[in-house]
Number of protein chains: 2
Amino acid sequence: MNIQTRSGIKGDTPAESSATQKAYHELRRMLLTGEFLPGEKLKIDRLRTALDIGSSPVREALSLLTSDHLVERIDQRGFRASTASNENFLEILTLRCALEEMALRQSIANYSEAWEDSVVLAHHRMARESRDHVEAFEAAHKHFHMTLLAGCSLPILLKFCSQLYDLNIRYRYLAGRSLNYQKRDIAQEHAGILDAAIRRDADLAAERLQNHYRLTGAFLDGFLSSMTTPPQGRRAGA
Amino acid sequence: MNIQTRSGIKGDTPAESSATQKAYHELRRMLLTGEFLPGEKLKIDRLRTALDIGSSPVREALSLLTSDHLVERIDQRGFRASTASNENFLEILTLRCALEEMALRQSIANYSEAWEDSVVLAHHRMARESRDHVEAFEAAHKHFHMTLLAGCSLPILLKFCSQLYDLNIRYRYLAGRSLNYQKRDIAQEHAGILDAAIRRDADLAAERLQNHYRLTGAFLDGFLSSMTTPPQGRRAGA
DNA sequence: AAATGCAAAAAAATCGATATTCATGACTCC
DNA sequence: GGAGTCATGAATATCGATTTTTTTGCATTT
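Each value, and the rule that gives it
- Residue positions are counted from 1 within each chain, in the order its sequence is given.
- Whichever chain is written first becomes A and whichever ligand is written first becomes 1, with later ones labelled in order.
- In keeping with the model being predicted, local features are shown solely for residues with a pLDDT of at least 70 and side-chain atom pairs are shown and tallied solely at 80 or more, while totals for entire chains, interfaces and linings include all residues.
- As a rule here, side-chain values come from all non-hydrogen atoms in the structure, and water together with hydrogens is ignored.
- Elements are defined by DSSP. Helices are runs of H or I of four residues or more, strands are runs of E of two residues or more, and each kind is numbered from the N terminus.
- Type-normalised accessible area, obtained with a 1.4 Å probe on protein chains alone, sets the label of each residue: buried when under 20%, exposed when over 50%, and partly exposed for intermediate values.
- Contacts are assigned to residue pairs with any non-hydrogen atoms lying within 4.5 Å of each other.
- Per-residue and other accessible areas follow the Shrake-Rupley method at a 1.4 Å probe size, with only the shown protein chains counted as cover for residues.
- To superpose the copies, least squares is applied to the C-alpha atoms of every residue with a pLDDT of at least 70 in both.
- The pairing criterion is simple: DSSP has to find at least two bridges between the two strands.
- Axes here mean lines fitted to C-alpha atoms, for a helix over just the part in contact, with angles spanning 0 to 180 degrees between N-to-C directions.
- We call a residue near a molecule or strand whenever a single non-hydrogen atom of that residue lies within 4 Å of it.
- Any N or O atom pair separated by 3.5 Å or less is treated as a polar contact, with the protein-specific requirement of one donor-capable and one acceptor-capable atom, and with residues adjacent in sequence counted only for side-chain atom pairs.
- Side-chain classes follow a simple rule in which Ala, Val, Leu, Ile, Met, Phe, Trp, Tyr, Cys and Pro form the nonpolar group, Asp, Glu, Lys and Arg form the charged group, and the remainder, Gly included, forms the polar group.
- Take the accessible area each of two parts loses on contact, using a 1.4 Å probe, and add the two losses: that sum is the buried area.
- Salt bridge, as applied in this entry: a Lys or Arg side-chain nitrogen positioned within 4 Å of an Asp or Glu carboxyl oxygen.
- For our purposes a nonpolar core is just a set of buried Ala, Val, Leu, Ile, Met, Phe, Trp, Tyr and Cys residues, chained together by side-chain atoms within 4.5 Å.
- Every helix has an expected span of 1.5 Å times one less than the residues it contains.
- As used here, the arc is the angular range of directions from the helix axis to the C-beta atoms.
- When two rings of Phe, Tyr or Trp (its six-membered ring) have centres within 6.5 Å they constitute a pair, described as stacked for plane angles under 30 degrees, edge-to-face for angles over 60, and tilted for the intermediate range.
- Counting as a charge over the ring demands two things of the Lys NZ or Arg CZ atom: a distance within 6 Å of the ring centre and an angle within 35 degrees of the ring normal.

## What to know about the overall build of chain A
Part 1: When helices and strands are counted, chain A shows 9 helices and 3 strands.
Part 2: When the helices and strands of chain A are listed from N to C terminus, the series reads α-β-α-α-β-β-α-α-α-α-α-α.
Part 3: Buried positions account for 48% of the 238 residues belonging to chain A.
Part 4: A sequence separation of at least 24 residues applies to 73% of the contacts in chain A between residues at least 6 apart.
Part 5: Working note: accessible area of chain A is about 11,800 Å², and carbon and sulfur atoms make up 53% of it.

Structure below.
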């Protein structure tokens, strides 16, 4: 059975080779978009059925997500979606500002034409997507920000930034995409960062990047007071 | 069979409850102490036999170690010990300096008597161990450094610092503990950091911490030129 | 009536077997 | 004679069943 293991038919994500990969990406998406509540128990058997794969890949995927801080592993009591709290959110914001500033400054210091090209391209693609689906825009948005940092040539730092970015995204979904952060002129903020970066003005670029984050942070902060970590993440209905 | 699953008899490490935990800690120890060469293939079956457990816990442990940057997962070709390079080492050093400075400053800003007590205690225990086993000293050394940072109340940052600390340890073992970094007066460096910290002189503490790291870094740098990542981590004999 | 201990049920963890995938080397075709 | 192709062997990845652990509900005792 399980013939579509080697699907490749509807390759939205590039060639989901292994079952573990499939489980990882799908669970990650579900966690980021808030399909699991913070602290919610992640029962192996439910997921196994829902994803139509064995328990081993599920467990492996959850183990991988643990290191991304999206899932918590409880000694011999399985897994649950990471809890959420205002403190956690503020820490993510703080670390993002600090680490991304470091990476951005290094990127600018390492300036190359290839990097400039890639950043401009990423910015353009993001601008194009924004009119269409929110899903695609989010992907392009992350890509733009990561491209800005990618010139730093510090792989571990980049991984940290990527993880923090995702954690932040999760909060945005948890707070509800409803709060239209499109009210602010996001596009102009992005353009400003891009402009400072390719003009190699590190101070200005860093400042604009931080403002970009802090504004979003201020938007979300407060919305989260209602959802401080519940003592037991037991969900009501099935 | 496998009766000693629930051992608990010789609880060196506090109660190795699950097989996954056992595998994780043992593999982690082996990776940190250089029992696996950088890039070396980690065959499931070998490990399964060596650790006397099934393949599932081994795979799960390796998945967890992947997120600690100690193991690399290759698409459908299993796992291998992380490669090592001078660039990687220098990145670790750079990030350690930056992140630990941030954490230390925050710890000092959050000063409390409880924190002061814990730091003094950790320092004393480290000093006591140093005469005895190297193994125990390493543990106490890490504990001292992490205690210094623990007051910052930023769990994610602490986890990053802990990971980076371990990665650095690995390089120390890879370069051979032979290079007696005891030549320097490590003890005095530690005392200096402790002193500045409990006197709440953030600038001085940060400076001393960075010197502490950079000196060790300078020691190791160069020793590593001979071991830049091999293209294929194939080990010779069994 | 509350607390404690016990038993049944649920869930997690682990195992061993099977199916896939990848690597190696011989063989054929050009 | 060299390059490409197919068969063989090794290793990984996955599955489904079994074992272990935790949780829940109930009966008993104080």
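## Looking at the relation of the copies chain A and chain B
Between the two copies of the chain lies a relationship made up of a rotation around an axis and a movement along it.
Part 1: By a simple turn and slide, chain A fits onto chain B: the slide is 0.1 Å along the axis, the RMSD is 0.1 Å, and the turn is 180 degrees. Both chain copies can therefore be described as sitting about a two-fold axis.
Part 2: Of all interface residues in chain A, 100% are interface residues in chain B too; the two copies therefore contact each other through one and the same surface.

## As for the sheet that holds strand β1 (residues 41-42) of chain B
Residue and element names in this part refer to chain B.
Part 1: Strand order in the open sheet made by the 3 strands is β1-β3-β2, with antiparallel pairing throughout. Of all strands in the sheet, those bounded by a partner on one side alone are β1 and β2 (71-74).
Part 2: Pairing of β2 with strand β3 (residues 78-81) involves 4 bridges; the strand directions are antiparallel. By the bridge assignment for β3, V71 is matched with A81.

## Here we look at the sheet that holds strand β2 (residues 71-74) of chain A
Residues and elements named next belong to chain A.
Part 1: With respect to topology, 3 strands assemble into an open sheet ordered β1-β3-β2, the strand pairing being antiparallel. Where the open sheet ends on each side, the last strands, each with one partner, are β1 (41-42) and β2.
Part 2: Along the sheet, helix α3 (residues 55-67) makes contact with β1, β2 and β3 (78-81), crossing β2 at roughly 110 degrees.

## With respect to the protein's contact with DNA strand D
Part 1: DNA strand D sits among 22 residues. The nearest are A19, T20, G54 and R77 of chain A together with R59 of chain B.
Part 2: If you look at DNA strand D and keep only atoms within 4 Å of the protein, 84% of those are sugar or phosphate atoms.
Part 3: Between a phosphate oxygen of DNA strand D and a side-chain N or O atom of K43 of chain B, the distance comes to 3.2 Å.
Part 4: At the level of secondary structure, the elements contributing two or more residues to the surface near DNA strand D comprise α1 (19-32) and α3 of chain A together with β1 of chain B.

## Things to note about the protein's contact with DNA strand C
Part 1: Near DNA strand C you find 21 residues, and of these K41 and R59 of chain A together with A19, T20 and G54 of chain B are the closest.
Part 2: Take the atoms of DNA strand C that sit within 4 Å of the protein: sugar and phosphate atoms are 86% of them.
Part 3: G78 of chain A has a polar backbone atom sitting 3.4 Å from a sugar or linking oxygen of DNA strand C.
Part 4: R77 of chain B places a polar side-chain atom, nitrogen or oxygen, 3.5 Å from a phosphate oxygen of DNA strand C.
Part 5: Among the residues forming the surface near DNA strand C, the class breakdown is 5 nonpolar, 8 polar and 8 charged.

## Considerations on the interface of chain A and chain B
Part 1: Across the boundary between the two partners, chain A contributes 30 residues, which contact 30 residues of chain B.
Part 2: Between chain A and chain B the total buried area reaches about 2,700 Å² when both faces are included, carbon and sulfur atoms providing 64% of it.
Part 3: Counting every contact that joins chain A to chain B gives 4 salt bridges.
Part 4: For E60 of chain B, the salt bridge goes to R59 of chain A, with nearest N and O atoms at 2.8 Å.
Part 5: Counting across the chain A and chain B interface gives 11 residue pairs in polar contact (both at pLDDT 80 or more).

## Some details on the nonpolar core
Part 1: L27 and L62 of chain A together with L27 and L62 of chain B are the most contacted members of the largest nonpolar core, which has 118 residues in total.
Part 2: Sort the elements by how many residues they give to this core and helix α7 (residues 155-174) of chain A lands first, with 11 residues.
Part 3: Setting aside anything within four residues of it in sequence, one finds L62 of chain B in contact with L27, L42, I44, L47, V71 and F79 of chain B.

## Description of helix α5 (residues 113-129) of chain B
Residue and element names in this part refer to chain B.
Part 1: Its 17 residues place the ends of α5 24 Å apart at the C-alpha level, agreeing with the 24 Å of an ideal helix rising 1.5 Å per residue.
Part 2: For α5, the full list of buried residues reads W115, V119, A122, H123 and M126. Angular distribution of buried residues about the axis of α5 spans 100 degrees; they occupy a single face of the element. Residues of α5 that are exposed and angled more than 90 degrees away from the buried face: E113, A114 and D117.
Part 3: The inward-facing, buried residues of α5 contact α4 (86-109), α6 (134-150) and α8 (186-198).

## Structural notes on the side chain of R96 of chain A
Residues and elements named next belong to chain A.
Part 1: Of note, R96 is situated in helix α4 (residues 86-109).
Part 2: Given the relative accessible area of 4%, R96 is considered buried.
Part 3: If we skip the residues at most four places from it in the chain, R96 touches E101, L164, Y165, N168 and Y213.

## What to know about the packing of aromatic side chains
Each aromatic ring pair is described using two quantities: the centre-to-centre distance and the angle formed by the ring planes.
Part 1: Enumeration over the complete set of coordinates arrives at 5 aromatic pairs over all chains.
Part 2: Summarising the aromatic geometry, the rings of Y111 of chain A and W115 of chain A are spaced 6.3 Å apart at their centres and angled 90 degrees between planes, so their arrangement reads as edge-to-face.
Part 3: The exposure class assigned to W115 of chain A is buried, which follows from its relative accessible area of 7%.
Part 4: Its guanidinium or amino end placed over the ring of Y213 of chain B, R96 of chain B lies 3.9 Å from that ring's centre, counting from NZ or CZ.
Part 5: Here R200 of chain B stacks its cationic end above the ring of Y111 of chain B, 3.5 Å away from the centre of that ring.

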